[in-house]
Amino acid sequence: MPKGAAPSPPLPRQAKLFGWVSLLNDFASEMIYPLLPAFVTGVLGGGPQALGALDGAAEFAAAFVKLGAGRLADRVPLRGPMIVLGYFIAVVVRPVIAVTGAAWQVIGLRVVDRLGKGLRTPPRDALIADVTPAEMRGRAFGLQRGMDHAGAVLGPILAWWLLASGSANVRAVIGWSIVPGVVVLVLATWAVRDGAAAVGKGRQQAASAPEPVPPAAGVSRPLPPPLLAISAFYLLRMPDTLIILRSQELGVPVAVVPLLWATVHVVRSSSSFVGGAASDRLGPGRTMWVGWLVYAMLAVGMARAGTAATAWGLFLALGLVSGLTESPERALVARLAGTHQGSGFGAYHGITGFAALVGGVALGGVFQRYGAATAFLASAMGGLALVLAWPVLLRAGWRE
């Protein structure tokens, strides 16, 4: 900090609490998620088609619910109940997977779990945006995303240790996810308490700021160019599952994948704090642009890679992309949404969710038909085109 400079004000209590909520919720979720392929195929006798249906149905359900949840979240009194209910659904449903006897039951429960995510995410992000001064939103969302990814480190490591030590089988590990889930409910209830008063204070501060508030980005309004660009990035980005598959092709053993998955979340967590701070300092648009450029270069690297060691390095480096894009995206959406934070974040989460689903299916088809190198090169070229188009989009519809 420069000599004589005033210290940065602390983040609001709700932003900090939701950081811990995200950490513990992802801790519980990621205890289960890496085990689902082995559970569905090995224990329940399902096949690859069942796994495809599992992810596709879950993400489609979440994206659909987020659109409606965002509109409801514009009604401030509804935010707290929606957030708590969304986490409650996940906490109750996830351990039930441990007692299922068929793949279709896992698919159904996973869909219900994602419905909870769709219900809670737009009002949670809207609450964080409303209680946080505009100049600190990058830090606030950086904290939330960083702690979310930190939970995704701890969950797989605990699951791996329980299985490797013989302390529990797959069903028992899934059942134990209820323990951090109960703590999530307690903290989420605390975080939304007195939320209406905090939102009112935050909106008064925003109203006194000299910067004009752009039109809201709700689903019933024309989508601004920056949100379209963000959605395009989700459309062209390679899904994590295909990055893992490419790493396995290059020689990363299947048994090591959970540790690789945990390690990449270390990078995502630490870089999220950096990306959030950079968003407040440089602006969200510039920070996202750097993240897109990094992605394009690393995707080319994955296309040309030839060894397991290279796959490890590139996969870990791809964690930087999340840190440089997720927090700035949310800070930008908050600015675009103005006083309609709920519908703004509902549009953001819903549209990017659909884009990721369509892009994942398309890139998966290219991967299967033409090979991994072609799929990654196509994704990289799309990323580079977005990098070149971004300044034009800014001039067309929005400036920082």
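Residues numbered from 1 in each chain as written. Predicted model: local features only at pLDDT ≥ 70, side-chain atom pairs only at ≥ 80, totals over all residues. Heavy atoms only, no water.

(A) Structural context of the packing of helix α10 (residues 225-236) against helix α15 (residues 341-370). Contact geometry of α10 with α15 gives a least axis separation of 6 Å together with a crossing angle of 30 degrees. Classified by the angle their axes make, α10 and α15 are roughly parallel. The way α10 lies across α15 gives a crossing that is right-handed. Taken together, the residues of α15 that come into contact with α10 (itself represented by Leu-227, Ile-230, Ser-231, Tyr-234, Leu-235 and Leu-236) are Ala-347, Tyr-348, Ile-351, Thr-352, Ala-355, Ala-356, Val-358, Gly-359 and Leu-363. Tallied by class, residues from the contact of α10 with α15 come to twelve nonpolar, three polar and no charged. (Axes fitted to C-alpha atoms, helices over the stretch in contact; angles between N-to-C directions. Helix = DSSP H or I, 4+ residues; strand = E, 2+ residues; numbered from the N terminus. Parallel < 35°, antiparallel > 145°, perpendicular 65-115°, else oblique. Left-handed = near helix turned anticlockwise from the far one by under 90°. Contact = heavy atoms within 4.5 Å. Nonpolar A, V, L, I, M, F, W, Y, C, P; charged D, E, K, R; others polar.)

(B) Looking closely at the pattern of salt bridges. Per the counting criterion, the structure on display carries nine salt bridges. A salt bridge links Glu-249 to Arg-246; the nearest nitrogen and oxygen atoms lie 3.5 Å apart. Here Arg-246 and Glu-249 lie together in helix α11 (residues 240-249), a separation of three residues that amounts to about one turn. Here the residues in one salt-bridge network are Arg-110, Asp-113 and Arg-114, joined through shared partners. (Salt bridge = Lys/Arg side-chain N within 4 Å of Asp/Glu carboxyl O.)

(C) Fine view of the nonpolar core. Judged by nonpolar contacts, the single largest core of 75 residues is most densely connected at Phe-18, Met-238, Trp-292, Tyr-295, Phe-345 and Phe-376. The leading source of residues in this core is helix α14 (residues 308-337), at ten residues. With near-sequence residues (within four places) excluded, Phe-345 lies in contact with Pro-122, Asp-125, Ala-126, Ala-129, Phe-141, Arg-330, Val-333 and Ala-334. Core analysis: the next-biggest nonpolar cluster, separate from the first, contains nine residues, Ile-97, Ala-98, Val-106 and Leu-109 among them. (Core = buried A, V, L, I, M, F, W, Y, C linked by side-chain atoms within 4.5 Å. Buried < 20%, exposed > 50% of the residue type's maximum accessible area, 1.4 Å probe, protein only.)

Interpretation note: all reported values are geometric properties and have no functional meaning in isolation.
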